[in-house]
Amino acid sequence: ALYNKKGWLKRISRGVYLPVPLNSENSDVVAEEPFAIAQKLFAPCYIGGANAANYWDLTEQIFRTVTVMTEKKLINRKQRLAGTEYVLHTLKPDYFFGLKTVWLSDTKVKISDPTRTLVDMLMFPQFCGGVQFSEDVLKEYFRSKYKNIELLIEYLDRAGNGAALKRLGFLLEINFQN
């Protein structure tokens, strides 16, 4: 609290502070690693959607918002913290599979693996950039080293989401008719 009062730390949430650069003229800070902040604030959670697609090089698009899949039931689904907008989606614990742990800013962060990222985009296109973006990621997934059809089918089966399976069928039909 003393460092916060002196302007050396900026409180972004209860118990979570960011250092203010010494050469900063004010206490407005932008997080260097917003995924690590999400892990601290919304755990159990993982980074998904377009952010995960970008992390795995399935898209070159960079999004200003961070998509966080969490088990927490939150009223405020959009939160702006340290200059970053977080979009939060509550999922049942059964949906927490197909995740990888990566180190970012000395913090373990869970992120959906490439196949799980695609499944999330098929299940929740409205959270993940829309159907057109999901189609672009699907094409890139099939061109990438991550392509694993057996795992994709396993994840879709485990998710038990009929709409995701129908979206995949539709996208495959319009893109790979030959």
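The text that follows walks through the structure, step by step, so that each part is easy to find. Within each chain, residue numbers correspond to sequence positions counted from 1 in written order. Two thresholds apply to this predicted model, a pLDDT of at least 70 for residue-level local features and 80 or more for giving and counting side-chain atom pairs, whereas whole-chain, interface and lining totals are computed over all residues. Heavy atoms throughout the structure, all of them, feed into the side-chain values; hydrogens and water do not.

1. Let's talk about the overall build of the protein chain
Rules: Every helix listed is a DSSP run of H or I at least four residues long, and every strand listed is a run of E at least two residues long, numbered separately from the N terminus. Each residue is placed in one exposure class: buried if its accessible area under a 1.4 Å probe, protein chains only, is under 20% of its type's maximum, exposed if it is over 50%, and partly exposed if it falls in between. When checking whether two residues touch, look at their non-hydrogen atoms; a contact exists if any pair is within 4.5 Å.
Along its length, the protein chain carries seven helices and eight strands. Taking all 178 residues of the protein chain together, 45% fall into the buried category. Taking the intrachain contacts of the protein chain between residues at least 6 apart in sequence as the baseline, contacts between residues at least 24 apart amount to 52%.

2. Structural notes on unusual backbone geometry
Note: most residues except glycine have negative phi, and most peptide bonds are trans. Cis rather than trans, the peptide bond between Ala 43 and Pro 44 has omega equal to 0 degrees. Positive phi, normally seen in glycine, also occurs at Asp 57, with a value near 60 degrees. By secondary structure assignment, the location of Asp 57 is in the loop between α3 (49-55) and β4 (65-70).

3. Notes on the side chain of Asn 161
Convention followed: Whenever a nitrogen or oxygen atom comes within 3.5 Å of another N or O atom, the pair is scored as a polar contact, on the condition that within protein one atom can donate a hydrogen and the other can accept it, and that pairs from neighbouring residues in sequence are kept only if both atoms are in side chains.
Assignment of secondary structure puts Asn 161 in the loop between α6 (149-159) and α7 (162-175). Residue Asn 161 is classed as buried on the basis of its relative accessible area of 18%. A distance of 3.1 Å separates the side chain of Asn 161 from the backbone nitrogen of Ala 163, its partner in a polar contact. Looking at Asn 161, its side chain comes within polar contact range of the main-chain nitrogen of Ala 164, at 2.8 Å. With sequence-adjacent residues up to four places away left out, Asn 161 is seen in contact with Met 123 and Leu 156.

4. A few points about the pattern of salt bridges
Under the convention used in this document: Here, a salt bridge means any side-chain nitrogen of Lys or Arg that lies within 4 Å of a carboxyl oxygen of Asp or Glu.
Counted according to the given criterion, the structure contains three salt bridges. One salt bridge in this structure joins Glu 140 and Arg 143, with 3.0 Å as the shortest N-O distance. With a gap of three residues between them, Glu 140 and Arg 143 both fall in helix α5 (residues 130-143), about one helical turn apart. Of the residues examined, Arg 143 reaches a relative accessible area of 60% and is grouped as exposed.

5. Section: the nonpolar core
Rules: The definition of a nonpolar core used throughout is a set of buried Ala, Val, Leu, Ile, Met, Phe, Trp, Tyr and Cys residues joined through side-chain atoms within 4.5 Å.
Counting 48 residues, the largest nonpolar core has Phe 42, Ile 47, Val 68, Tyr 86 and Leu 152 as its most contacted members. The biggest single contributor to this core is helix α2 (residues 34-42), with six residues. In contact with Tyr 86, not counting residues within four places along its chain, are Pro 34, Ile 37, Ala 38, Phe 42, Val 66, Val 68, Arg 77, Lys 78, Gln 79 and Leu 81.

6. Comments concerning the pairing of strand β5 (residues 78-81)
Let me state the cut-off plainly: Pairing between strands requires that DSSP locate at least two bridges from one strand to the other.
Residue alternation in β5 divides its side chains into a buried set, Gln 79 and Leu 81, and an unburied set, Lys 78 and Arg 80. With four bridges connecting them, β5 and strand β6 (residues 84-90) associate as antiparallel partners. Residue pairing for β6: Gln 79 is matched across the bridge by Tyr 86. Linking two consecutive strands that pair antiparallel, namely β5 and β6, is a turn of two residues; a positive phi of about 50 degrees is found at Ala 82 within it.

7. What about the pairing of β4?
Burial analysis of β4 places five of its six residues in the buried class, which makes it a mostly covered element. In this structure, β4 lies alongside β6, joined through six bridges in parallel fashion. Note on β6: the bridge partner recorded for Thr 65 is Glu 85.

8. Focus: the packing of aromatic side chains
Condition: We call Phe, Tyr and Trp rings a pair once their centres come within 6.5 Å, taking the six-membered ring for Trp, and we label the pair stacked below 30 degrees between planes, edge-to-face above 60, and tilted otherwise.
Summed over the entire model, instances satisfying the criterion amount to seven aromatic pairs. Considering the side-chain rings of Phe 42 and Tyr 86, the 5.9 Å spacing of their centres and the 55 degrees angle between planes classify their relative orientation as tilted. Of this pair, Phe 42 sits in helix α2 while Tyr 86 sits in strand β6, placing them 44 residues apart in sequence. Just as Phe 42 is buried, Tyr 86 falls in that class too. Relative to Phe 142, the ring of Tyr 141 has its centre 5.7 Å away and its plane inclined at 85 degrees; by these criteria the two rings are edge-to-face. Note on Phe 142: relative accessible area 19%, which makes it buried.

Read these as layout, nothing more, since geometry by itself doesn't imply function.
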